[in-house]
Amino acid sequence: MNASHRPSHPAPAPFSSGEPLADDAISHLASLTAQRDRELLDVSLAQGVLELLGAASVGVYRLVGPEEEARHWLCSGLARRGQLTVSDPVWADMDALPSESHFPLRQQAVGNRAIAQAELPASAGPETEGRFVCVLPLLVEIGSPGVLEVRSERPLTPAALRPIQTLLRVFANFQSLLESSQRDALTGLLNRQTFDATFLRASMPSERGGVPVEPERRVGGTTGYWLGVIDIDHFKKVNDGYGHLIGDEVLVLLARIMRQTFRHSDRLYRFGGEEFVVLLRGGTEADAFGAFERFRELVEGYAFPQVGRVTVSIGFTEVQLQDTPNAAFSRADQSVYLAKHQGRNRVVGFESLVRSGLLTDNGQHIGDVELF
């Protein structure tokens, strides 16, 4: 887990001495709803509930991974008294995360959409935070399901739980509004407006989330991210030949294949029309090519209703330190342009095109390339 953000405030009197004050709850609601960064929203929730309850620890855990496969718990915010708030990096290896079944109480809370409480067994050891655990489901309509987990020395009373449940209802409504504003209405993918902020975090030179970037990701002025632009081949013919309703269905199904192909840590966007963007983290140029090629093959092999065969052309580039969204997008878009001229239904990397002499890179990362 990565330490991040700010230390928790000194704990107030424990919840056992009385109900959390209404003024405190309102203050935390104001702080929570001022947050516009989705990745920091869970951190704010964990910090706020810890300060309200004075518990040993408060964590927010999300289920990540495809629903049809074994899912895992990602810690998106863990606050402890007197310690820094921490979270798992969003790019964490799925296999390194605990499986869904490893925490049956969390499973129970999510499955029943109800509070689950238990006393921790003595075998948990003296290092365990608190003797009791209370798990509250996060009732989300959009986004990953999750729980709020409170560990304390004494069980939470109904009086202590009431303001927390109210806070979670407001949190769920606010999260839904935030998610809706950041997503494409048709496909549910992230929209163009959210791309710039995410991209700029990816191209930061030295820190991300308060933690120094690993040295291997800085070698050669790169960030470890790859930007891919996906364009549906001959999509105008689909709309003209089958109508816009069928065209919209193709877009929705393509987005579904994207979700099934790429990892939970990869960022998937629809930029409008038939153009999609992927911000892929980690790996070499060959790894990035393999990921995009696998997606291309899945699209080509999918039987789209009425339309039948649909193909895509994909261009990708490595995100550089101090890169700009327009510069990186331009490099990937130039690669798509060349892929179209090479016959469509293929994956082309910008760096490979530069090495082969088909494109030139001026090295300033402002999107100016020359097509021979």
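Cut-offs used in this document
- Residue indices begin from 1 for each chain and proceed along its sequence in written order.
- The model is predicted, so local features are restricted to residues of pLDDT at least 70 and side-chain atom pairs to those at 80 or more, both for listing and for counting; the totals for chains, interfaces and linings are taken over all residues.
- As a rule here, side-chain values come from all non-hydrogen atoms in the structure, and water together with hydrogens is ignored.
- Helix and strand assignments come from DSSP, with helices taken as H or I runs of at least 4 residues and strands as E runs of at least 2, each series counted from the N terminus.
- Residue contacts are counted whenever heavy atoms from the two residues lie within 4.5 Å of one another.
- Only the protein chains shown count as cover for residues, and the accessible areas themselves come from Shrake-Rupley with a 1.4 Å probe.
- Where helices are involved, their axes are fitted lines through C-alpha atoms of the stretch in contact, as for all axes, and angles between N-to-C directions lie from 0 to 180°.
- Comment on the angle field: the value is read as roughly parallel under 35 degrees, roughly antiparallel over 145, roughly perpendicular from 65 to 115, and oblique elsewhere.
- Charged residues are taken to be Asp, Glu, Lys and Arg, nonpolar residues to be Ala, Val, Leu, Ile, Met, Phe, Trp, Tyr, Cys and Pro, and polar residues to be all remaining types, Gly included.
- The predictor attaches a confidence to each residue, called pLDDT, with possible values from 0 through 100.
- Only buried Ala, Val, Leu, Ile, Met, Phe, Trp, Tyr and Cys residues count toward a nonpolar core, and they belong to the same one when joined by side-chain atoms within 4.5 Å.
- The rule is simple: take the accessible area with a 1.4 Å probe, protein chains only, and divide by the maximum for that residue type; under 20% is buried, over 50% is exposed, in between is partly exposed.
- By salt bridge we mean one thing: a side-chain nitrogen of Lys or Arg within 4 Å of a carboxyl oxygen of Asp or Glu.
- Between rings of Phe, Tyr and Trp, where Trp is taken as its six-membered ring, a pair exists when centres lie within 6.5 Å; planes separated by under 30 degrees are stacked, by over 60 edge-to-face, and by other angles tilted.
- Here, a charge over a ring means that NZ of Lys or CZ of Arg falls within 6 Å of the ring centre while also lying within 35 degrees of the ring normal.
- Handedness of a helix crossing follows the sense of rotation of the near helix relative to the far helix, less than a right angle counterclockwise being left-handed and clockwise being right-handed.

Student: Describe the overall build of the protein chain, naming the residues involved and giving the relevant values.
Tutor: A count of helices and strands for the protein chain gives 10 helices and 17 strands. Of all intrachain contacts in the protein chain linking residues separated by at least 6 positions in sequence, the fraction that spans at least 24 positions is 65%. Accessible surface for the protein chain amounts to roughly 17400 Å². Of this, 52% is attributable to carbon and sulfur atoms.

Student: Which residues make up the packing of helix α5 (residues 192–202) against helix α9 (residues 325–341), and what values go with them?
Tutor: Interaxial distance between α5 and α9 falls to 10 Å at its minimum, and their mutual angle equals 105 degrees. Relative to α9, α5 is oriented roughly perpendicular. Across the interface between the two elements, R192, F195, D196, F199 and L200 from α5 touch P325, N326 and A328 from α9. Split by residue class, the contact of α5 with α9 holds five nonpolar, one polar and two charged.

Student: Which residues make up the confidence of the model for the protein chain, and what values do they have?
Tutor: One rule of thumb: low pLDDT means the predicted coordinates there are not for detailed reading. Taken over all residues, the pLDDT of the protein chain has a mean of 82, while the share at 70 or more is 80%. Within the model, the stretch residues 2–21 combines pLDDT values under 50 with 54 contacts to residues more than four positions away or in other chains. In this model, residues 206–220 is a region of pLDDT below 50 whose contacts with residues beyond four sequence positions or in other chains number 31 contacts.

Student: Give me the nonpolar core: which residues, what numbers.
Tutor: Grouped together as the largest cluster of nonpolar side chains are 31 residues, with contacts concentrated most on I232, M258, F262, F292 and F295. Breaking this core down by element, the ones donating at least two residues are β11 (222–232), α6 (235–242), α7 (244–261), β13 (275–281), α8 (285–301) and β14 (312–320). Per-element tally for this core: the top contributor is α7, with eight residues. The residues touching I232, leaving out its near neighbours within four places in the chain, are V250, L251, L254, E274, F276, V310, T311, V312 and K340. L53, A79, L136 and L161 belong to the second-largest nonpolar core, a separate cluster that totals 26 residues.

Student: Could you give me a rundown of the pattern of salt bridges, with the residues and numbers involved?
Tutor: Once their charged atoms are close, side chains differing in charge can pair, the charge on each being opposite to the other. Inspection of every chain in the model, using the stated rule, returns 17 salt bridges. D42 serves as the salt-bridge partner of R62, at 2.9 Å between the closest nitrogen and oxygen. On the criterion of sequence distance, the pair formed by R62 in strand β2 (residues 57–64) and D42 in helix α2 (residues 38–53) is long-range, its members being 20 residues apart. A relative accessible area of 2% places D42 in the buried class. Close ionic contact of R270 with D184 constitutes a salt bridge, the shortest N to O distance being 3.3 Å. With R270 in strand β12 (residues 267–272) and D184 in the loop between α4 (158–181) and β8 (190–191), this pair connects stretches of sequence that are 86 residues apart. Within the structure, one salt-bridge network assembled from shared partners comprises E293, R296, E300 and R309.

Student: Outline unusual backbone geometry, supporting the account with residue identities and numerical values.
Tutor: Of note in this structure, Q322 is not a glycine but carries a positive phi near 65 degrees. Locating Q322 in the fold gives a position in the loop between β14 and α9. Judged by relative accessible area, which is 60%, Q322 ranks as exposed. Unusually for a residue other than glycine, R344 sits at a positive phi of about 65 degrees. By the element assignment, R344 lies in the loop between α9 and β15 (347–349).

Student: Mind laying out the packing of aromatic side chains, listing which residues take part and the relevant values?
Tutor: Each aromatic ring pair is specified by the distance between its two centres and by the angle formed by the two planes. For the coordinates displayed, the defined rule picks out 10 aromatic pairs. Look at F271 and F329: their rings are 5.4 Å apart centre to centre, the planes differ by 15 degrees, and that puts the pair in the stacked class. With F271 in strand β12 and F329 in helix α9, the pair connects residues that are 58 residues apart, well separated along the chain. For the pair F271 and F329, a shared accessibility class is recorded, and that class is buried. For R106, the ring lying beneath its charged end belongs to W73, and the centroid distance is 5.4 Å. The ring centre of F350 lies 6.0 Å from the NZ or CZ of R331, which sits over that ring.

Student: Tell me about the environment of L178, and name the residues and values.
Tutor: Secondary-structure assignment places L178 in helix α4. Through-space distance from the C-alpha of L178 to that of L41 is 9.9 Å; in sequence the pair is 137 residues apart.

Student: Let's hear about the packing of α7 against α8: which residues, and what values?
Tutor: Taken N-terminus to C-terminus, the directions of α7 and α8 make an angle of 140 degrees; their axes are 10 Å apart at the nearest point. On the basis of the axis angle, α7 is oblique to α8. Classified by chirality, the crossing of α8 by α7 is right-handed. For the pair α7 and α8, contact is made by L254, I257, M258 and T261 and by A291, R294, F295, L298 and V299, respectively.

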